[in-house]
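Spelled out from the first residue to the last, the chains are:
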Amino acid sequence: MKRCLMLALLALLTACASLLTRDLPQLQIAPAALGQPRTVQQQLQISYPGGGAVMDAVLQMDQDNVEVIASAMGLRMATLDYDGHALKAQTLPAMKVPPQRIMNDLLMVFAPHNVLQQALPQGWVVHDDGNKRTILRGDDPTIDITWDNPDHWQGRAVLVHHQLAYTLTIDSSTVE
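Below or above, wherever it landed, is the structure these notes cover. What you see is a predicted model; the values in this text were computed from it and never measured.

Thoughts on the pattern of salt bridges
Next up, step 1: Overall, the coordinates contain 3 salt bridges when judged by the stated rule.
Next up, step 2: Residues Arg101 and Asp105 are paired through a salt bridge, measuring 2.9 Å at the closest nitrogen-oxygen approach. A residue pair is termed a helical-turn pair when its members lie 3 or 4 positions apart in one helix, as Arg101 and Asp105 do in helix α2 (residues 99-110) at 4 residues.
Next up, step 3: Judged by its relative accessible area of 1%, Arg101 falls in the buried class.
Next up, step 4: Of the residues examined, Asp105 reaches a relative accessible area of 2% and is grouped as buried.
Next up, step 5: A salt bridge links Arg156 to Asp171, with the shortest nitrogen-to-oxygen separation between them at 2.8 Å. In this pair, Arg156 is assigned in strand β9 (residues 155-161) and Asp171 in strand β10 (residues 166-174), connecting sequence segments 15 residues apart.

Printed below as a string of structure tokens:
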């Protein structure tokens, strides 16, 4: 029994680590390049084979910083503070998704096309077509993003990560 528990824990840690090692390094995008300062309420819903999670978040962005405070069932799960170069994160141990993965996903959804293309490593390409974005690694479509609103900061965005086998749904509305 003890051995099975250890193997399960090792598999969980390996799965979480692979969300970073098999994918992009932390993207370097200046907050000012994301557009005008804003505060957005979001519901983040992640689904992956065998599970999923839902969190509420507030994203506050100005010219120098992107801050995300995420909570679930009234408990603060993570505080992310990103300045375009470094990500400072405070997370509870129950937080299963690495903070770098969350910030990269948000940047891939909300960064303008040309800004994202410049931030991606060599060999990665962004194609935007109306309400759909495809990010390719070489010739392989790795990530698909769709938006239901021309203002990507409003409404629903859905990111499907084919390589890592998860879907992130983001419902956003501006806080005024």
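A closer look at the pairing of strand β7 (residues 132-137)
Next up, step 1: With 6 bridges joining them, strand β6 (residues 124-129) and β7 adopt antiparallel strand pairing. Bridge pairing in β7 links Trp124 to Arg137.
Next up, step 2: Sheet topology note: the β7/strand β8 (residues 140-147) ladder contains 6 bridges and is antiparallel. Within the sheet, the bridge partner assigned to Arg133 lies in β8 and is Ile145.
Next up, step 3: Between β7 and β8, which pair antiparallel one after the other, the connecting turn spans 2 residues, and Gly138 there sits at a positive phi close to 70 degrees.

As for the side chain of Gln42
Next up, step 1: Along the chain, Gln42 falls in strand β1 (residues 38-48).
Next up, step 2: Gln42 sits in the buried class, given a relative accessible area of 3%.
Next up, step 3: Of the polar contacts made by the side chain of Gln42, one reaches the side chain of Ser172; its length is 3.1 Å.
Next up, step 4: The contacts of Gln42, once residues within four sequence positions are left out, are Met55, Asp56, Ala57, Leu59, Leu106, Phe110, Ile170, Asp171 and Ser172.

Thresholds applied
- Residues numbered from 1 in each chain as written.
- Predicted model: local features only at pLDDT ≥ 70, side-chain atom pairs only at ≥ 80, totals over all residues.
- Heavy atoms only, no water.
- Salt bridge = Lys/Arg side-chain N within 4 Å of Asp/Glu carboxyl O.
- Helix = DSSP H or I, 4+ residues; strand = E, 2+ residues; numbered from the N terminus.
- Buried < 20%, exposed > 50% of the residue type's maximum accessible area, 1.4 Å probe, protein only.
- Pairing = 2+ DSSP bridges.
- Polar contact = N/O pair within 3.5 Å; in protein donor to acceptor, adjacent residues only side chain to side chain.
- Contact = heavy atoms within 4.5 Å.

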